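Examination of the molecular architecture
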Amino acid sequence: MSPSVNGYRFGIATASLGFHAEHTLERKFAAIQQAGFQYAGLGFENYVDWVRQHHPDLPASTCPEAWCEGGEPDPADDGLWTALYDSAKAVKELAAAHGLTIVALQPLNQFDGWPEGHPRREWSRRKAERWLPLCSLLGIEMLQVGSNDKPDASTDLDVYAGDMRWIAELGAKQSSPVKIAYECWCFAHHVNTWELTWDIIQRADHPNLGLCLDVAHFPLSPSYGWDPVTGKGFTDEQFDALLGRLRAVPADKIVYLELSDMVVPDPPLYAGSVFDHWAANNKAPRDGDRFIWTICGRPVPLVGRNAGTLAVGEAVSQGARVVEALRAILSTGFKGTCLFEFFEAEVMALPDVDVPARYATASAQSLAELVPACFT
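Residues numbered from 1 in each chain as written. Predicted model: local features only at pLDDT ≥ 70, side-chain atom pairs only at ≥ 80, totals over all residues. Heavy atoms only, no water.

This paragraph deals with the overall build of the protein chain. Across its full length, the protein chain holds 15 helices and nine strands. Against the compact-globule benchmark of 21 Å for 376 residues, the protein chain has a radius of gyration of 19 Å, which places it among compact chains. Each principal axis of the C-alpha atoms in the protein chain carries an extent, and together these give about 50 × 45 × 45 Å. Taking all 376 residues of the protein chain together, the buried fraction comes to 59%. The contacts in the protein chain between residues at least 6 apart in sequence include a share of 79% that link residues at least 24 apart. As displayed, the protein chain offers around 14100 Å² of accessible surface, 51% of which is attributable to carbon and sulfur atoms. Once the 30 positive and 48 negative side-chain charges of the protein chain are each reduced to a mean point, those two points are 4 Å apart. (Helix = DSSP H or I, 4+ residues; strand = E, 2+ residues; numbered from the N terminus. Rg over C-alpha atoms; globule rule 2.2 N^0.38 Å. Buried < 20%, exposed > 50% of the residue type's maximum accessible area, 1.4 Å probe, protein only. Contact = heavy atoms within 4.5 Å. Areas by Shrake-Rupley, 256 points an atom, 1.4 Å probe, with all protein chains shown as cover. Lys, Arg positive; Asp, Glu negative; His and termini not counted. Charge placed at Lys NZ, Arg CZ, Asp CG, Glu CD.)

Structure (C-alpha cells):
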C-alpha cells in the first residue's frame, strides 16, 4: 500500500484512533506509521491532551462550561495558548520521527452562524484567531471547520457566508497560509447537508475556502438520508440524485475528503439497534439521534464494524456506498488529501491499547480495496 497514489495523499485522523487516555498521540502516530501511511489529521483535543501530559502544571481552562469541548482553552487563557504554541515544534518533530506529516487540524467547531449580538459571536472569532496561528506553527495547511450544530445559531445562510469569508481571509493572512475546509455535520440543527455548506461557500466567494466532504454524512442528511429512529430514507433515487450533485462541484473547491462508512439503521435506534445500549448508558457530547448514530456507526469503509472483527451483512456495513460516492467526487477531477475518519464509540472508549493499531491496520486494508476501485 502506498501513502500516495496518482496525486492523492492518504492518511488517518488521530481522533479516530481511540478515545481513552491509553490511546496517546505517540501510540496513534506509531499506528499510522506502521500501517504504511505518511499523513495525519490532528485532532485538537488530542493535541491539548498531549500538551497537558507534558506540562501537568498548566492551569485549567476558563472557557465557559457550556461552550467548552474537549478541554479547549478560552481565547483569553494566555498561559494555555502560550503552551500550545510553544509545543508545536515538539509535536511536529514527534510526527516526523514517525515518518508523518500533519496536514489538517480538526475540528474548529461552533464558529459559524452566530447571529449579531449573540454572546458567542465575537468570542468565536477570538477563538479562530488563536487556532490559525497554531496551524501555522504546526506547519498545517488545512483547518477543518465543522458546521455549527447548536439550535440558537442563525438560520440566515448569509450570516454563515460572512463568517466563512472572514475566517478564509484570516487563514490566507497567516505566515504559512491555511486553507479553510468547511464540513457539514448532519446532526446540526440548521447547516446539516453538504449542499448547504456548498451554498454558503459560493456565497462567501473566497479562494481560500472550500469543502471538506465526508462521505459518511451523506446517508444521514436530514433532507434525504436515513432517519436513524425510523430507518426510513436514503432511497436509490435519492442516492442517485446525490451523486449527480456531487459530480457538479468544481474540483478546486474541494479541499479534502474524509472516508468512513455508515451502518444502516435497520433495526433503527431505540428499536433493537446495535447502538441502543450505548445510547441508554452514555451522555452524548452533542444533541440528537443523528449524532449518536454518527459517533457509534461509522466503521472503516469496506472492512466492517469494529475494524472488521464483527461479522455483519454487506448492506449493514456499507450503508454509505462509499465506492459509488467516491467515484462521483473523483469524477470532478479532484486530486488531493483523503483522510480516514471513522467512529465507533463503543469500542474506541475502551482502555484497550491495541485500538489505534487495529483501526490503522483496518484503514490500510480498506485503502487496498479502494485504490483499484476508485483511485486508479
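Applying the stated criterion across every chain, the model contains 18 aromatic pairs. Considering the side-chain rings of Phe37 and Phe340, the 6.0 Å spacing of their centres and the 70° angle between planes classify their relative orientation as edge-to-face. You can see Phe37 sitting in the loop between α1 (25-34) and β3 (39-43) and its partner Phe340 sitting in strand β9 (residues 337-340), a full 303 residues away along the chain. Its relative accessible area of 0% is what places Phe340 among the buried residues. (Phe/Tyr/Trp six-rings, centres within 6.5 Å; stacked < 30°, edge-to-face > 60°.)

Let us look at the pairing of strand β8 (residues 254-259). Consecutive side chains of a regular strand alternate in pointing toward one face of the sheet and then the other. The element β8 is extensively covered by neighbouring structure, given that six of its six residues are classed as buried. Taken together, the four bridges between strand β7 (residues 209-214) and β8 define a ladder with parallel strand orientation. The partner of Leu213 across the bridge, within β8, is Leu257. Considered for its hand, the β-α-β crossover made up of β7, helix α8 (residues 236-247) and β8 is right-handed. Looking at chain direction, β8 and β9 are connected through four bridges and run parallel. By the bridge assignment for β9, Leu257 is matched with Cys338. (Pairing = 2+ DSSP bridges. Right-handed = clockwise from strand over helix to strand, strands pointing away.)

Where burial is concerned, most of strand β4 (residues 101-108) is hidden: six out of the eight residues are buried. Sheet topology note: the β3/β4 ladder contains five bridges and is parallel. When the bridges of β4 are listed, Gly43 appears paired with Gln106. Read as a crossover between parallel neighbours, the route from β4 over helix α5 (residues 119-138) to strand β5 (residues 142-146) is right-handed.

As a further point, take the packing of helix α3 (residues 78-86) against α5. When two helices pack together, you describe them by how their axes are tilted relative to each other and by the distance separating the axes. At a minimum axis separation of 10 Å, α3 and α5 run at an interaxial angle of 20°. As summarised for this structure, α3 and α5 are arranged roughly parallel, according to the angle between their axes. Considering the relative orientation of α3 and α5, their crossing is right-handed. Where α3 abuts α5, its residues Asp78, Trp81, Leu84 and Tyr85 lie against Glu129, Arg130, Trp131, Pro133, Leu134 and Leu137. Looking at the contact of α3 with α5 residue by residue, the classes come out as seven nonpolar, no polar and three charged. (Axes fitted to C-alpha atoms, helices over the stretch in contact; angles between N-to-C directions. Parallel < 35°, antiparallel > 145°, perpendicular 65-115°, else oblique. Left-handed = near helix turned anticlockwise from the far one by under 90°. Nonpolar A, V, L, I, M, F, W, Y, C, P; charged D, E, K, R; others polar.)

In this section: the nonpolar core. With 122 residues, the main nonpolar core has Tyr47, Leu143, Met164, Ile167, Trp194, Leu257 and Leu370 as its most contacted residues. Per-element accounting of this core gives the leading share, ten residues, to helix α15 (residues 355-375). Apart from the residues lying within four places of it in its own chain, the contact partners of Ile167 are Leu108, Phe111, Ala128, Leu132, Leu143, Val145 and Ile180. Membership of the second largest hydrophobic core comes to nine residues, among which are Tyr39, Met142, Tyr256 and Leu339. (Core = buried A, V, L, I, M, F, W, Y, C linked by side-chain atoms within 4.5 Å.)

Taken N-terminus to C-terminus, the directions of helix α6 (residues 157-172) and helix α7 (residues 194-204) make an angle of 65°; their axes are 8 Å apart at the nearest point. Seen from above, α6 lies across α7 with right-handed handedness. Touching Leu157, Asp158, Tyr160, Ala161, Met164 and Arg165 of α6 are Leu196, Asp199, Ile200, Arg203 and Ala204, all from α7. When grouped by side-chain class, the residues that make up the contact of α6 with α7 number seven nonpolar, no polar and four charged.

Now for helix α4 (residues 88-97). If you check which residues of α4 are buried, you get Ala88, Val91, Leu94 and Ala95. When α4 is viewed along its axis, its buried side chains cluster within an angular range of 125° and face the same direction. Of the exposed residues in α4, those oriented more than 90 degrees away from the buried face are Lys89, Ala96 and Ala97. Turning to α4, the residues buried within the fold contact α1, α2 (44-54), α3, β4 and α5. Within two residues after α4, Gly99 carries a phi angle of roughly 70°, on the positive side. (Arc of directions from axis to C-beta.)

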